[in-house]
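What the coordinates show
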Amino acid sequence: MNRRRFLTLSGAGVVGAVAGCSSDADTGESIDDHPAAADLEAQPRRGELGGHVVLAFEDPSCPTCRRFHENTLPDIRENIVDTGKGAYVVRTYPVIYPWGEPATQALESTFARDSEAYWSLFDHYFAEQSSFDPDNVLERTATFLTDETEVDGEAVASDARNRAHDDAVQADIRAAEDAGLGETTPIILLFEDGEFVTKVNGSVSYELIAEALGERDG
Amino acid sequence: MSTAEGLRLPTTRGDWRLMGRTVRLVLTLPVYAAVAAIAALVSLTLFVVSLNVPLVLDLVVGGSLPLASRLRVLGELYPFIGTSFNPAQGVLLVVVAVLTGVDIGLATYHFREHGLDLQQGGAGVAGVVLGTLGAGCAACGSAVLLGLLSLLGVSTSLLFLPLDGLEFALLALAVLTLSIYWLAEGMRGGEINGCPVDL
């Protein structure tokens, strides 16, 4: 085998190996068929379905999710949600610190009562992230909800302890597992007008999301 | 130089001066400076791309975006350009990448001039692997480290990792420093570009 032929075959082998490891086989897949988007209409969201969808799997105890929530989400809301171009949908995925699990139970119990209170509680978890642990999270959740929202905080804490809305928690976890998303949160799936574009991990910028969704100005 | 069961560690001021002088002498040779710079850029790219392989394959390598958009998507993955890393994480990753470049520059010089032993080469590879893990943990919080510790039977419910997984990157710094020291030690007594390595 001559050198050029060897290099050509080696290069093809490397590209083939990389392609084989990738998960891009479902690029272009309809959002209706994507396992991560199962039962999408029942999930907490900002904006209306039908256009672009930014589907985020987040853990309230995840520091990188906090940075995504604080730095990138405002731009998503301003440029995609508020302009009517699409929706931001969140699914909770407790995989980082242990207090994220009871917090997720509390989030689902809150969402079952009041969607606005859900978003307030999500913001609260990120804003006060370093102060939570498995022992105090439900007590502090109850206090916050009672003081700052219309929801009965003690009832939510009780539901969370009894896993009253565990079906919703498990549905999100199952969606992530069925889609093979891994556990590097936040995991953000981008759908351009109903078609899957790509999956992104980490606190990526709005500029990257805009490029992926064809929304970059100029 | 101190020796612990045959493992040499840089413990004296002279050891650090030896490392500094060796690095300076090797990197004044343009070829090896270029090797170090390219290796640093490649390793930083490896660190950041390893977090988002599907994204890179879907949009940078494949897909239908124009070239400028592909480059912008790739650029947004790097520290200080995009928002994937906070400033501390960004600094640490860049330092690990620079040290990786220096390590590979030194190893290339040593390999071409004198051959390379297993300890020096192995430490360099370990540094790159740990740097990649550090980048991974910078994004995922501490999931990987917590998973490893729970496998070892360490209770994770009480664990608090102040750097949110960047502990791996700090470990990479230590391993790369050791690797550079061992390479410098291996060149002690020789000359680089006509200059004696020993002070």
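Above this text is the structure in question.
Report on the accompanying structure. (Residues numbered from 1 in each chain as written. Chains lettered and ligands numbered in written order. Predicted model: local features only at pLDDT ≥ 70, side-chain atom pairs only at ≥ 80, totals over all residues.)

1. Overview of the packing of helix 3 (residues 100–111) of chain A against helix 7 (residues 166–178) of chain A
Residues and elements named next belong to chain A. The criterion, for reference: Helix axes are fitted to C-alpha atoms over the stretch in contact, other axes to C-alpha atoms as well, and angles between N-to-C directions run from 0 to 180 degrees. Put simply, DSSP H or I for four residues or longer makes a helix, DSSP E for two residues or longer makes a strand, and each gets a number counted from the N terminus. Working rule for handedness: look at the near helix, and if it is turned counterclockwise from the far one by less than a right angle, call the crossing left-handed; if clockwise, right-handed. Note on contacts: residues are paired as contacts if their backbone-placed C-beta atoms lie within 7 Å. Note on residue categories: nonpolar means Ala, Val, Leu, Ile, Met, Phe, Trp, Tyr, Cys or Pro, charged means Asp, Glu, Lys or Arg, and polar means any other residue, Gly included.
For the pair helix 3 and helix 7, the least separation of the axes is 8 Å and the interaxial angle reads 115°. The handedness of the crossing between helix 3 and helix 7 is right-handed. Contacts between helix 3 and helix 7 pair Thr104, Gln105 and Glu108 from the former with Asp166, Ala168 and Val169 from the latter. Per-class residue counts for the contact of helix 3 with helix 7 are 2 nonpolar, 2 polar and 2 charged.

2. Digging into helix 2 (residues 30–49) of chain B
Here is the rule: Helix span is expected to be 1.5 Å times the residue number reduced by one. With C-beta atoms placed from the backbone, the exposure class of a residue follows from how many other C-beta atoms lie within 10 Å of its own: 20 or more, buried; 12 or fewer, exposed; in between, partly exposed.
Between the first and last C-alpha of helix 2 of chain B there are 28 Å, a value that for 20 residues agrees with the 28 Å anticipated at 1.5 Å per step. Turning to helix 2 of chain B, its buried residues number three or more, namely Tyr32, Val35, Ala36, Ala39, Ala40, Ser43, Leu44, Phe47 and Val48 of chain B.

3. A word on helix 5 (residues 137–148) of chain A
Residues and elements named next belong to chain A. Taking 1.5 Å per residue, 12 residues should reach 16 Å; helix 5 reaches 16 Å between its end C-alpha atoms and fits that length. Of all the residues in helix 5, the buried ones are Val137, Leu138, Arg140, Thr141, Ala142, Phe144 and Leu145. Against the buried residues of helix 5 lie helix 3, helix 4 (115–127) and helix 6 (153–161).

4. Here we look at the pairing of strand 4 (residues 187–192) of chain A
Side chains on a regular strand alternate between the two faces of the sheet. Residues and elements named next belong to chain A. Formally: Only strands joined by at least two bridges in the DSSP assignment are considered to pair.
Most of strand 4 sits inside the fold, with 5 of its 6 residues counted as buried. When strand 2 (residues 52–58) meets strand 4, the two strands line up antiparallel, connected through 5 bridges. Its bridge partner being in strand 4, Ala56 is matched across the sheet by Ile188. Two strands pair when backbone bridges link them, and strand 4 and strand 5 (residues 195–201) are joined in this way by 6 bridges, in the antiparallel orientation. If you follow Ile187 over to strand 5, its bridge partner there is Asn201.

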